[in-house]
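These are the residues of each chain, in order.
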Amino acid sequence: MSVPMRGAFRSLTSFNYRMWAGGAIVSNVGTWMQRTAQDWVVLTQLTHHNATAVGVVMALQFGPQVLLLPLTGFAADHLDRRKLLIATQAAMGTLALGLGLLTVAGLVHLWHVYVFALLLGCVTAFDAPARQTFVSELVGEADLSNAVALNSTSFNAARMIGPAIAGVLIANVGSGWVFLINAASFAAVIVSLCLLRVHELHRGNKAPRTRGGLAEGFRYVWKRPDLKAILLMLFLIGTFGVNFPIFISTMSVTVFHAGASRYGLLTSIMAVGSVTGALLSARREKPRVELLLAGAAVFGFGFALAAVMPSYWLFGLTLALIGVSAQTFTTTAISTVQLATEPVMRGRVMAILLAIALGGTPIGAPIVGRVADAFGPRWALCIGAASGFAAAIVGLFYLTKHRNLRVRFDAGRIRVRFDDQILTPQELPVL
């Protein structure tokens, strides 16, 4: 057996992963263009700078992650993931097309955006766990952590490019055309899925079709203190911290009085940090639990700085710091959970992870939006800071109780030690 190529881009030696990555980057750029345009339409055209409305859109878009959890985890573990992804990507493209036509025709209303956000959330609920677990079929276990990090790099490179393009297009041709361009971009990922070498996919054994499959997933997680700690940290940051559209749009419009192009630029600046964090993660052969703790703590610190920044450009610099920390945290969390979960349980556990990480948005986004409306965007940023610090406390508690965390002073320096990394499924003791 050949040794996998070392380095940040070793997964690209696989034809299937190269094909998937090529289609994904095009689609991801379109997705970020639409997200930017959608938030701008809601905040400036369909309402009068109403951050709560943006929060409602986010809640509708991510709420189905929780409501459909019994179905999405089952689908990711039992259905052909490649065919499932072709179906979900086609549906997402159709929804973008519908919203684009309404907007270009001048017929769009706020309730239209709400409906399309809910429908998109339903489709994404099936797409996300299948997409995350499909990575293991593209590259196999050895390069799984690297492939997850490269996926995050692609997603955040698109976040860097898409909003900047969207800002220019919104100012010149309008938001409707941004939605239509996004609809066309889904063709790239659908074509890439159709061109994969199916016989080279690393397909493991399918989970047996038994009743209570999702309950079995919850029982599996409940017996694992490592997974419970990570999922709680993800819930805190995902619910109250990763509400970037609200934070960035309200600061841009109501504090710095910026136009569409400068709003898009702020999102792109944050993505520069996210890409940096993803590439740093891709260089690591295995995720390390201490990076979860560091990522959460720096995430909280970055938000605290952002809340007091007096100018547009200084605020942008803190967004880059938040981007690095957020991507380090989420990439490490996803890689750790996948590697520490048995393959037959991976789809259900990833569905639970995504439901917790994204499904908290219906709780957090309206709260953050309401705080921004009532007290100002800077106070909303304080909620993001609190979420990072709270997640770091959870990580410290886990390391202290289950990993024998020890802190001592040695030659005037602080030394931190704890037990070895989270074990793989093959290394775990019988519960």
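What you see is a predicted model, and the numbers here were worked out from it, not measured in a lab.

Asks: What's the story with helix H16 (residues 361-375) in this structure? I'm lost.
Replies: Every α-helix carries 3.6 residues per turn, so stepping three or four residues along brings you back to the same face. Taking 1.5 Å of rise per residue, the 15 residues of H16 would be expected to cover 21 Å, and the 20 Å separating its terminal C-alpha atoms lies within 8% of that figure. Within the span of H16, buried status applies to Thr 361, Gly 364, Ala 365, Val 368, Gly 369, Val 371 and Ala 372. One face of H16 carries all of its buried residues, which in axial projection span an arc of 160 degrees. Opposite its buried face, H16 presents the exposed residues Arg 370 and Phe 375, each directed more than 90 degrees away.

Asks: What's the story with the side chain of Thr 133 in this structure? I'm lost.
Replies: The residue Thr 133 is located in helix H6 (residues 110-139) in this model. When near neighbours in sequence (up to four residues on either side) are disregarded, Thr 133 contacts Ala 76, Arg 81, Gln 338, Arg 346, Gly 347 and Met 350.

Asks: I tried to follow the nonpolar core on my own but got confused; where do I start?
Replies: A general tendency of soluble globular proteins is for nonpolar side chains to be buried together. With 113 residues, the main nonpolar core has Phe 244 and Phe 315 as its most contacted residues. Residue assignment places this core across two domains, with domain 1 (13-201) and domain 2 (212-403) each supplying three or more. Beyond its immediate stretch of four places on either side in the chain, Phe 244 contacts Arg 159, Ser 249, Met 270, Phe 299, Phe 303, Ile 322 and Ala 326.

Asks: Where do I start with the environment of Ala 392 in this structure?
Replies: For Ala 392, the location among the structural elements is in helix H17 (residues 377-402). We classify Ala 392 as buried; its relative accessible area is 8%. Along the chain, Ala 392 and Ile 237 lie 155 residues apart, while their C-alpha atoms are 9.9 Å from each other. Once residues within four sequence positions are removed from consideration, Ala 392 is found in contact with Leu 293, Ala 296 and Ala 297.

Asks: Looking at this model, I keep getting lost on the packing of aromatic side chains. Mind explaining?
Replies: Each aromatic ring pair is characterised by the separation of its centres together with the angle its planes make. This structure, assessed with the given rule, holds 8 aromatic pairs. On the numbers, 5.0 Å between centres and 65 degrees between planes, the contact of Phe 247 with Phe 303 is edge-to-face. Taken together, the positions of Phe 247 in helix H11 (residues 244-255) and Phe 303 in helix H13 (residues 289-308) put the pair 56 residues apart, joining distant regions of the chain. Of the residues examined, Phe 303 reaches a relative accessible area of 2% and is grouped as buried. One aromatic cluster is present, formed by Phe 244, Phe 247, Phe 299 and Phe 303 through successive ring pairs. Lying across the ring of Trp 32, Arg 35 places its NZ or CZ 4.7 Å from the centre. The ring of Trp 222 has Lys 228 lying over it, and the distance from NZ or CZ to the ring centre is 4.2 Å.

The rules behind these values
The residue count restarts for each chain, going from 1 along the sequence in the order it is written. With the structure being a predicted model, the display of local features is reserved for residues of pLDDT at least 70 and the display and counting of side-chain atom pairs for 80 or more, all residues being used for whole-chain, interface and lining totals. Note that water and hydrogens are dropped before the side-chain values are worked out from all heavy atoms of the structure. Put simply, DSSP H or I for four residues or longer makes a helix, DSSP E for two residues or longer makes a strand, and each gets a number counted from the N terminus. A helix is expected to reach a length of 1.5 Å times the quantity of its residues less one. Each residue is assigned to one of three classes by its accessible area relative to the maximum for its type, calculated with a 1.4 Å probe on protein chains only: buried under 20%, partly exposed between the two thresholds, exposed over 50%. An arc is given here, and it is the one of the directions from the helix axis to the C-beta atoms. Whether two residues are in contact is decided by their heavy atoms: any pair within 4.5 Å suffices. Residues belong to a common nonpolar core when they are buried Ala, Val, Leu, Ile, Met, Phe, Trp, Tyr or Cys residues joined through side-chain atoms within 4.5 Å. In this document the domain limits rely on a domain assignment from an automatic tool or a database. Only the six-membered ring of Trp is used, alongside the rings of Phe and Tyr, when aromatic pairs are assigned; centres must lie within 6.5 Å, and planes under 30 degrees apart are stacked while those over 60 apart are edge-to-face, with the rest tilted. Comment: the charge-over-ring label is applied if NZ (Lys) or CZ (Arg) is within 6 Å of the ring centre and within 35 degrees of the ring normal.

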